[in-house]
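Residues per chain are reported as follows:
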Amino acid sequence: MGPWWGVRVCAAALLVSSSAVGCATGPSLENRGQVTAPPGDSRHLSIGSAGFTESELLARMYAALLGKAGYGTDILTVGNRELYEPSLESGQIDVVPEYAATFADWLNAKTKGADADPVASPDLGTTMKVLRNLAGPRGLTVLPPGRAVDQNAFAVTAAYAKQHRLQTLSDLGRSKLPVRLAAGDECVQRPFCAPGLRRTYGIDITAVDPKGVGTTPAKQAVQNGQDQMVLTTSTDATVEQFGLVFLADDKKLQNADYVVPVVNRARAGSVRVAAALGKLNSVLTTEDLARLNQRVDSWRRLPEDVASDYLRSKGLL
């Protein structure tokens, strides 16, 4: 197991249990938000995972890099942001892999209410500035983003793209082709889905087929011609298996959902932590992340093995 010795996965319930054994708990919620405290450098750090494949892979890579830098680590698997973000503020979790635009809008809604206007944008610099301004008062530090981005992406069959000479979403808009879109039912109203495709690209979305985001039935519906395009994500490595290709978001409709490490400043805000995690930023691309997801989801390999093999292949372990 090599660098994975000592990495422990704990259930979400431990985050709310004072009797949990074996997982670092940190300060209580009453003591959170020590914004003026100097950046901390705790010897043992808990890394949060949101429980889906990509988050688990990132958490495993974070744990390995921090382990090599001399930190003890454990991994806390938590089902959703509503649970792990307060735990990050409190110090029960020290490090979490996040997505810049999504986390900025989530923190903004938490601060200003669910009806608050979105603050993230397709521009990474603008999004990072807003995110850091929202995270700072909560005792959180947002480290530099890497090259990998996981955002909404749209795919059509390779044959359809070739027939109509499509490489970008702008090409599809100019074609004036009627498009039935396989997506989640929320796509009807979300500004980055059907309304945005119509407004930004002039795409004739005739209907939204509610088969889910990037699900097998959604991709099969496009593969068999029932629908013309599917909403999935940029790190979906299975599109080729269905004979699909991505159309480039050339006008940047989607927000800058770059992978960013977020840390509890009082416990993990040190230069050493930033340097250890920053090593991943220089190598991990969107394409790499898609391939890693594929090895877990399609090849049924263990996330810890996939993460370790990747880091070794890049000379980081």
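Everything below is about the structure printed above this text.
Going along each chain's sequence as written, the residues are numbered from 1 onward. Since the coordinates come from a predicted model, pLDDT governs what is reported: local features require at least 70, and pairs of side-chain atoms require 80 or more to be given and counted, while whole-chain, interface and lining totals use all residues. With hydrogens and water set aside, each side-chain value is computed from the structure's full complement of heavy atoms.

Peer 1: Residues and numbers for the sheet that holds strand β7 (residues 178-183), please.
Peer 2: A pair of strands counts as paired when DSSP detects no fewer than two bridges linking them. In DSSP terms, a helix is any run of H or I states spanning at least four residues, a strand is any run of E spanning at least two, and both are numbered starting from the N terminus. On the basis of which strands lie adjacent, the open sheet formed by five strands has the order β8-β7-β9-β6-β10 and mixed pairing. Edge positions in the sheet fall to β8 (204-210) and β10 (244-247), since each has one partner strand and no second. Each adjacent strand pair in this sheet contributes to an overall mean axis angle of 35°, direction not counted. Bridge count for strand β6 (residues 152-157) against strand β9 (residues 229-233) is four bridges, and the pairing is antiparallel. Residue pairing in the sheet places Phe 154 in a bridge with Leu 231 of β9. Helix α7 (residues 194-201) rests against β6, β7, β8 and β9 of the sheet, and its axis sits at about 165° to β8. Whenever a helix is involved, its axis is fitted only over the stretch in contact; in every case the axis is a line through C-alpha atoms, and angles between N-to-C directions fall within 0 to 180 degrees. Any two residues whose heavy atoms approach within 4.5 Å are treated as being in contact.

Peer 1: I'd love a proper account of empty space enclosed by the protein, names of residues and values included.
Peer 2: Only protein atoms enter the 1 Å grid, on which a cavity is a set of points fitting a 1.4 Å probe that cannot get out and a pocket is an open set with protein on both sides within 12 Å along at least 5 of 7 lines, lining residues being those with an atom within 4 Å of a point. Grid points are joined across faces, edges and corners, and a volume is the space filled by probe spheres set on the points. If you walk through the whole model with that rule in mind, you get two cavities of 30 Å³ or more. Considered as a void within the structure, the largest cavity measures approximately 60 Å³ in volume. As for the largest cavity, its lining consists of Tyr 62, Gly 146, Arg 147, Ala 148, Val 259, Pro 261, Leu 277, Leu 280, Asn 281 and Leu 284. Contributing elements (two or more residues each) for the lining of the largest cavity: β11 (259-264) and α10 (271-281). With three residues, the top contributor of residues to the lining of the largest cavity is α10. We call Asp, Glu, Lys and Arg charged. Ala, Val, Leu, Ile, Met, Phe, Trp, Tyr, Cys and Pro are nonpolar, and the rest, Gly among them, are polar. Residues that form the lining of the largest cavity fall into these classes: seven nonpolar, two polar and one charged.

Peer 1: Residues and numbers for the packing of aromatic side chains, please.
Peer 2: Side-chain rings of Phe, Tyr and Trp, where Trp is taken by its six-membered ring, are said to pair if the distance between their centres is within 6.5 Å; with planes under 30 degrees apart they count as stacked, over 60 as edge-to-face, and otherwise as tilted. Enumeration over the complete set of coordinates arrives at one aromatic pair. Between Phe 103 and Trp 106, the aromatic rings sit 6.4 Å apart at their centres with planes inclined by 15°, giving stacked as the arrangement. Of the two residues, Phe 103 and Trp 106 both sit in helix α3 (residues 100-112), three residues apart, roughly one turn of that helix. Both residues of the pair, Phe 103 and Trp 106, belong to the buried class. Only Lys NZ and Arg CZ are tested; either one counts as a charge over a ring when it is within 6 Å of the ring centre and within 35 degrees of the ring normal. Taking the ring centre of Tyr 71 as reference, the NZ or CZ of Arg 43 above it sits at 5.7 Å. Only protein chains enter the area calculation, which uses a 1.4 Å probe; residues under 20% of their type maximum are buried, those over 50% are exposed, and those in between are partly exposed.

Peer 1: Kindly report on the pattern of salt bridges, identifying the contributing residues and their values.
Peer 2: When their charged atoms lie close together, side chains carrying opposite charge are able to pair. We define a salt bridge as a side-chain nitrogen of Lys or Arg found within 4 Å of a carboxyl oxygen belonging to Asp or Glu. One pass over the structure, following the stated rule, counts 14 salt bridges. Asp 171 is paired through a salt bridge with Arg 174; the nearest N and O atoms lie 2.5 Å apart. Residue Asp 171 and its partner Arg 174 are both found in helix α6 (residues 169-175); the two are separated by three residues, about one turn of the helix. Residue classification places Arg 174 among the exposed residues on the basis of a relative accessible area of 58%. For Asp 236, the salt bridge goes to Lys 219, with nearest N and O atoms at 2.8 Å. With Asp 236 in the loop between β9 and β10 and Lys 219 in helix α8 (residues 216-223), this residue pair connects regions lying 17 residues apart in the sequence. For the pair formed by Asp 236 and Lys 219, the shared burial category is buried.

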